[in-house]
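Listed below, chain by chain, are the residues.
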Amino acid sequence: MPFINQTLASFKNRLDEDLSMIVSGPEGENSNIVCSFNDPATKEQIEEFEKKTEWILPEDYKAFLFIHNGCMLFEHIDEDGDRVGGEYGFIL
(Lines give C-alpha, C1' and ligand atoms only; values in the text may rest on other atoms or scores of the structure.)
Protein backbone atom coordinates (compact mmCIF):
# COMPACT_ATOMS: atom_id res chain seq x y z
CA MET A 1 0.00 0.00 0.00
CA PRO A 2 1.54 3.38 -1.01
CA PHE A 3 2.59 5.72 1.78
CA ILE A 4 -0.13 8.30 1.00
CA ASN A 5 -2.86 5.63 1.24
CA GLN A 6 -1.57 4.55 4.66
CA THR A 7 -1.34 8.16 5.85
CA LEU A 8 -4.88 9.04 4.75
CA ALA A 9 -6.32 5.80 6.13
CA SER A 10 -4.64 6.38 9.50
CA PHE A 11 -5.88 9.98 9.64
CA LYS A 12 -9.43 9.07 8.63
CA ASN A 13 -9.50 6.31 11.27
CA ARG A 14 -9.17 9.04 13.89
CA LEU A 15 -12.29 10.82 12.58
CA ASP A 16 -15.87 10.02 13.52
CA GLU A 17 -18.37 8.80 10.92
CA ASP A 18 -19.17 12.39 9.95
CA LEU A 19 -15.43 13.13 9.45
CA SER A 20 -15.24 15.15 12.67
CA MET A 21 -13.29 14.90 15.92
CA ILE A 22 -12.97 16.67 19.24
CA VAL A 23 -9.57 18.35 19.74
CA SER A 24 -8.10 20.18 22.69
CA GLY A 25 -7.06 23.80 22.26
CA PRO A 26 -3.95 25.46 23.66
CA GLU A 27 -5.71 26.38 26.88
CA GLY A 28 -7.39 23.01 27.39
CA GLU A 29 -10.73 23.89 25.80
CA ASN A 30 -12.33 21.30 23.52
CA SER A 31 -13.40 22.11 19.97
CA ASN A 32 -15.25 20.12 17.36
CA ILE A 33 -13.46 20.11 14.01
CA VAL A 34 -14.50 18.59 10.70
CA CYS A 35 -12.61 17.53 7.58
CA SER A 36 -13.86 17.11 4.02
CA PHE A 37 -12.23 15.44 1.05
CA ASN A 38 -12.84 16.22 -2.62
CA ASP A 39 -13.38 13.64 -5.33
CA PRO A 40 -10.25 12.37 -7.11
CA ALA A 41 -8.52 14.28 -9.88
CA THR A 42 -8.22 12.63 -13.27
CA LYS A 43 -4.97 11.86 -15.03
CA GLU A 44 -6.00 14.41 -17.67
CA GLN A 45 -6.49 17.16 -15.06
CA ILE A 46 -3.07 16.52 -13.59
CA GLU A 47 -1.40 16.45 -17.01
CA GLU A 48 -3.19 19.66 -18.03
CA PHE A 49 -2.07 21.38 -14.81
CA GLU A 50 1.55 20.32 -15.35
CA LYS A 51 1.48 21.47 -18.97
CA LYS A 52 -0.15 24.82 -18.16
CA THR A 53 2.14 25.64 -15.23
CA GLU A 54 5.27 23.87 -16.54
CA TRP A 55 5.56 22.25 -13.10
CA ILE A 56 6.22 18.56 -12.56
CA LEU A 57 4.32 17.36 -9.51
CA PRO A 58 6.01 14.79 -7.24
CA GLU A 59 4.68 11.25 -7.67
CA ASP A 60 3.49 11.03 -4.06
CA TYR A 61 1.50 14.25 -4.51
CA LYS A 62 -0.05 12.90 -7.72
CA ALA A 63 -0.99 9.79 -5.72
CA PHE A 64 -2.82 12.06 -3.24
CA LEU A 65 -4.63 13.87 -6.08
CA PHE A 66 -5.77 10.54 -7.54
CA ILE A 67 -7.40 9.84 -4.16
CA HIS A 68 -8.63 13.37 -3.30
CA ASN A 69 -8.30 16.47 -5.47
CA GLY A 70 -7.89 18.62 -2.40
CA CYS A 71 -9.39 18.68 1.05
CA MET A 72 -10.40 20.98 3.86
CA LEU A 73 -8.81 20.01 7.16
CA PHE A 74 -9.58 21.09 10.70
CA GLU A 75 -12.51 23.42 10.12
CA HIS A 76 -13.89 24.56 13.46
CA ILE A 77 -17.64 24.16 13.99
CA ASP A 78 -18.92 27.22 15.84
CA GLU A 79 -21.89 27.39 18.22
CA ASP A 80 -24.28 27.95 15.28
CA GLY A 81 -23.00 24.81 13.52
CA ASP A 82 -21.18 26.82 10.83
CA ARG A 83 -17.75 25.75 9.60
CA VAL A 84 -14.99 28.34 9.98
CA GLY A 85 -11.25 28.36 9.44
CA GLY A 86 -9.49 25.24 8.36
CA GLU A 87 -6.66 24.48 5.98
CA TYR A 88 -7.14 23.74 2.29
CA GLY A 89 -5.23 21.05 0.50
CA PHE A 90 -4.30 21.79 -3.10
CA ILE A 91 -7.00 21.57 -5.77
CA LEU A 92 -6.31 21.41 -9.50
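Only a predicted model underlies this, so the values are computations on that prediction, with no experimental measurement involved.

Engineer: Quick question: what am I supposed to make of the overall build of the protein chain here?
Structural biologist: Per the secondary structure count, the protein chain includes three helices and five strands. Seen in sequence order, the protein chain has helices and strands lined up from the N terminus as α-β-β-α-α-β-β-β. Relative to the compact-globule value of 12 Å for 92 residues, the protein chain shows a C-alpha radius of gyration of 16 Å, a clear excess of over 25%. Based on the C-alpha atoms only, the size of the protein chain along its principal axes is roughly 45 × 30 × 25 Å. Restricting the contact set of the protein chain to residue pairs at least 6 apart, pairs at least 24 apart contribute 52%. Here the protein chain displays about 6,600 Å² of accessible surface, and carbon together with sulfur accounts for 52% of that area. Side-chain charges in the protein chain split into 7 positive and 19 negative, and the spacing between the mean points of these groups amounts to 12 Å.

Engineer: Any chance you could explain the nonpolar core here in plain terms?
Structural biologist: One broad rule of soluble globular proteins: the nonpolar side chains tend to lie buried together. With 15 residues, the main nonpolar core has Phe-11, Leu-15, Cys-35, Phe-37, Phe-64 and Leu-65 as its most contacted residues. The set of elements that each furnish at least two residues to this core consists of helix H1 (3-13), strand S2 (30-37), helix H2 (43-53) and helix H3 (59-67). With sequence-adjacent residues up to four places away left out, Cys-35 is seen in contact with Phe-11, Leu-15, Leu-19, Met-72, Leu-73 and Phe-74.

Engineer: Would you mind showing me how to read the side chain of Ser-20 here?
Structural biologist: Secondary-structure assignment places Ser-20 in strand S1 (residues 20-24). By relative accessible area, Ser-20 is classed as buried at 4%. For Ser-20, the side chain forms a polar contact with the side chain of Asp-18, separated by 2.6 Å. Residue contacts for Ser-20: discarding those within four places in its chain leaves Leu-15, Asn-32, Ile-33 and Val-34.

Thresholds applied
Residues numbered from 1 in each chain as written. Predicted model: local features only at pLDDT ≥ 70, side-chain atom pairs only at ≥ 80, totals over all residues. Heavy atoms only, no water. Helix = DSSP H or I, 4+ residues; strand = E, 2+ residues; numbered from the N terminus. Rg over C-alpha atoms; globule rule 2.2 N^0.38 Å. Contact = heavy atoms within 4.5 Å. Areas by Shrake-Rupley, 256 points an atom, 1.4 Å probe, with all protein chains shown as cover. Lys, Arg positive; Asp, Glu negative; His and termini not counted. Charge placed at Lys NZ, Arg CZ, Asp CG, Glu CD. Core = buried A, V, L, I, M, F, W, Y, C linked by side-chain atoms within 4.5 Å. Buried < 20%, exposed > 50% of the residue type's maximum accessible area, 1.4 Å probe, protein only. Polar contact = N/O pair within 3.5 Å; in protein donor to acceptor, adjacent residues only side chain to side chain.

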